[in-house]
Amino acid sequence: MVAALTLSCLKGGQPHLAVPRLWDDVKQNGIRMHKLSFDVLAAASAEAGDGDTAREMLEVALSSTLDFKLDVVNCTRLAQAFRKADQPEYTPKILMLINKDDIPTDTQLYSVLLTSCADMASGTKLREVHSHLNGNSKDLLNNFVVSALIHSYAKCGCLQDSEKVFAGYLTRHSACKPPNDKDCAAAVDVWSAMIAAYGMHGRGKDALAVFNEMIKQGHKPDTIAFICVLSACSMQASLRML
C-alpha cells in the first residue's frame, strides 16, 4: 500500500507531498515496513530532496528494527536526498550503516557522497568518506572515483589533498605505458582533474606543467583536457588583472 501510493505520487510529479505524509502514516500507525516500501520511499525522498524523512529512515535502519537489510541502492538514494537538502553532515551515518550491515558499495554511491561533501565545502566530511573508501572499498579506486576525489578536495579548498590523491594514483599506475596500453586511455580523466584543480586555485603554471607532463608520458589529451588547461591559464591571467 505504501509503495503503491508513493509510486503514484512519483508518477504525478509530487514526491515532495508524498514522502513526509506517507512516512508520518508509517510512524503513527505502526505500519511494518517491507523492502519494496522502503525502496520506493527512499527513491521518493531522493527525488524530493527530503532530508528530514531520509534522516529518520536512516535512523530506523541503524536501529536494527527492520526485517530486511538495505542495499547500496537504498544508501545511494538516502545520500542523494541529503545532498539535495544540503545536509552532508549525515554522510558519516550512511557509512556507519554500510559497516553495520556489511553492505557492498559501488562507485555511484561514493560519487554522490563525495559530491555532497564538495558542494558544502566540507573537507572534514570528505576525508571521512575517503578514509572509508580506502579502508573498505579500495578496489573501487578507479579513474572515475580518483577524479572525483581530486575535484572534490580542490572544491573544498584542500588542494594539498588533491595533490596527494594524484601522486598516489601515479605511483599505483607507474607501469602504465600509453598509448599502446588501452588501460591507460582513461587516465587522461585523472590528469584533467588535477589540471582543473590547479585552475580552481589560480595556479595556471602548475596546471600547464601537469598538462605538459601528461603529454611527455605519452597520454593523448582529449577535449576536456584542453578545456581544463585553457581555463586554468585564463583564470591565472584574470587573477593578475585584479
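Reading the values: rules and limits
- Starting from 1, residues in each chain are numbered consecutively following that chain's sequence as written.
- In keeping with the model being predicted, local features are shown solely for residues with a pLDDT of at least 70 and side-chain atom pairs are shown and tallied solely at 80 or more, while totals for entire chains, interfaces and linings include all residues.
- With hydrogens and water excluded, all non-hydrogen atoms of the structure serve as input to the side-chain values.
- Each helix is a run of H or I in the DSSP string that is no shorter than four residues. Each strand is a run of E no shorter than two, and both are numbered from the N terminus.
- The buried label applies to any residue whose accessible area, calculated with a 1.4 Å probe on protein chains only, is under 20% of its type's maximum; exposed applies above 50%, and partly exposed to all values in between.
- Contacts are assigned to residue pairs with any non-hydrogen atoms lying within 4.5 Å of each other.
- Note on areas: Shrake-Rupley, 1.4 Å probe, and residue coverage restricted to the protein chains presented here.
- Think of each axis as a best-fit line through the C-alpha atoms, taken over the contacting stretch in the case of a helix, with angles from 0 to 180 degrees between the N-to-C directions.
- Just so you know how the angles are binned, under 35 degrees is roughly parallel, over 145 roughly antiparallel, 65 to 115 roughly perpendicular, and the rest oblique.
- Should the near helix be turned anticlockwise from the far one by less than a right angle, the crossing is termed left-handed; should it be turned clockwise, right-handed.
- Three residue categories are used. Nonpolar comprises Ala, Val, Leu, Ile, Met, Phe, Trp, Tyr, Cys and Pro, charged comprises Asp, Glu, Lys and Arg, and polar comprises the others, including Gly.
- Ring pairs are drawn from Phe, Tyr and Trp, using the six-membered ring of Trp, whenever the two centres fall within 6.5 Å, and their geometry is named by plane angle: stacked under 30 degrees, edge-to-face over 60, tilted for the rest.
- We define a salt bridge as a side-chain nitrogen of Lys or Arg found within 4 Å of a carboxyl oxygen belonging to Asp or Glu.
- By this rule, a helix spans an expected 1.5 Å times one less than how many residues it contains.
- Polar contact is the term for a pair of N or O atoms within 3.5 Å; when the atoms are in protein, one must be able to donate a hydrogen and the other to accept it, and sequence-neighboring residues count only if both atoms are side-chain atoms.

Draft legend 1. Seen up close, the overall build of the protein chain. From N to C terminus, the protein chain includes 13 helices and 0 strands. Helices (α) and strands (β) of the protein chain occur, in sequence order from the N terminus, as α-α-α-α-α-α-α-α-α-α-α-α-α. Residues counted as buried form 48% of the 242 residues belonging to the protein chain. Excluding contacts between residues fewer than 6 apart, the proportion of contacts in the protein chain whose partners are at least 24 apart in sequence is 72%. Of the roughly 12,300 Å² of accessible surface on the protein chain, 53% is carried by carbon and sulfur atoms.

Draft legend 2. Focus on the packing of helix 6 (residues 91–101) against helix 7 (residues 107–119). Close contact between helix 6 and helix 7 brings their axes to 11 Å; oriented N to C, the two are set at 160°. By the angle between their axes, helix 6 is roughly antiparallel relative to helix 7. Between helix 6 and helix 7 lies a crossing whose hand is left-handed. Two secondary-structure elements touch here, helix 6 through T91, I94, L95 and I98 and helix 7 through L109, L113 and C117. Of the residues in the contact of helix 6 with helix 7, the class split is 6 nonpolar, 1 polar and no charged.

Draft legend 3. Highlighting the environment of A121. Along the chain, A121 falls in the loop between helix 7 and helix 8 (123–136). Taking C-alpha positions, A121 is 9.7 Å from P88, a pair spaced 33 residues apart along the chain.

Draft legend 4. Inspection of the packing of aromatic side chains at higher detail. The tally for this structure, following the rule as stated, stands at 4 aromatic pairs. Plain terms: the ring middles of F166 and W191 are 5.2 Å apart, the flat faces sit at 85° to each other, and that makes the pair edge-to-face. On the criterion of sequence distance, the pair formed by F166 in helix 10 (residues 159–172) and W191 in helix 11 (residues 187–200) is long-range, its members being 25 residues apart. Under the relative-accessibility criterion, F166 is labelled buried at 9%.

Draft legend 5. How the structure looks around the pattern of salt bridges. In total, this model carries 9 salt bridges according to the counting rule given. Residues K35 and D71 are paired through a salt bridge, measuring 3.0 Å at the closest nitrogen-oxygen approach. Taken together, the residues K35 in helix 3 (residues 35–48) and D71 in the loop between helix 4 (51–62) and helix 5 (72–84) connect sequence positions 36 residues apart. Close ionic contact of R203 with D206 constitutes a salt bridge, the shortest N to O distance being 2.7 Å. For D206, a relative accessible area of 29% puts it in the partly exposed group.

Draft legend 6. Region of interest: helix 3. The terminal C-alpha atoms of helix 3 lie 20 Å apart, and with 14 residues this matches the ideal 20 Å at 1.5 Å per residue to within 8%. Backbone geometry just downstream of helix 3 places G49 in the positive-phi region, at approximately 70°.

Draft legend 7. Representation of the packing of helix 8 against helix 9 (residues 143–155) in the model. One way to put it is that helix 8 packs onto helix 9 with a least axis distance of 11 Å and a crossing angle of 160°. One finds that helix 8 runs roughly antiparallel with respect to helix 9. As for the relative orientation of helix 8 and helix 9, their crossing is left-handed in sense. Contact residues: helix 8 offers L126, R127, H130 and L133, while helix 9 offers V145, L149, S152 and Y153. When its residues are assigned to classes, the contact of helix 8 with helix 9 shows 5 nonpolar, 2 polar and 1 charged.

Draft legend 8. Spatial organisation of helix 4. If you check helix 4, its first and last C-alpha atoms are 16 Å apart, about what 12 residues at 1.5 Å a residue would give, namely 16 Å. Its side-chain oxygen placed 3.3 Å from the backbone nitrogen of D52, D50 serves as the N-cap of helix 4. Trailing helix 4 by a residue or two, S64 shows a phi angle of about 65°, which is positive.

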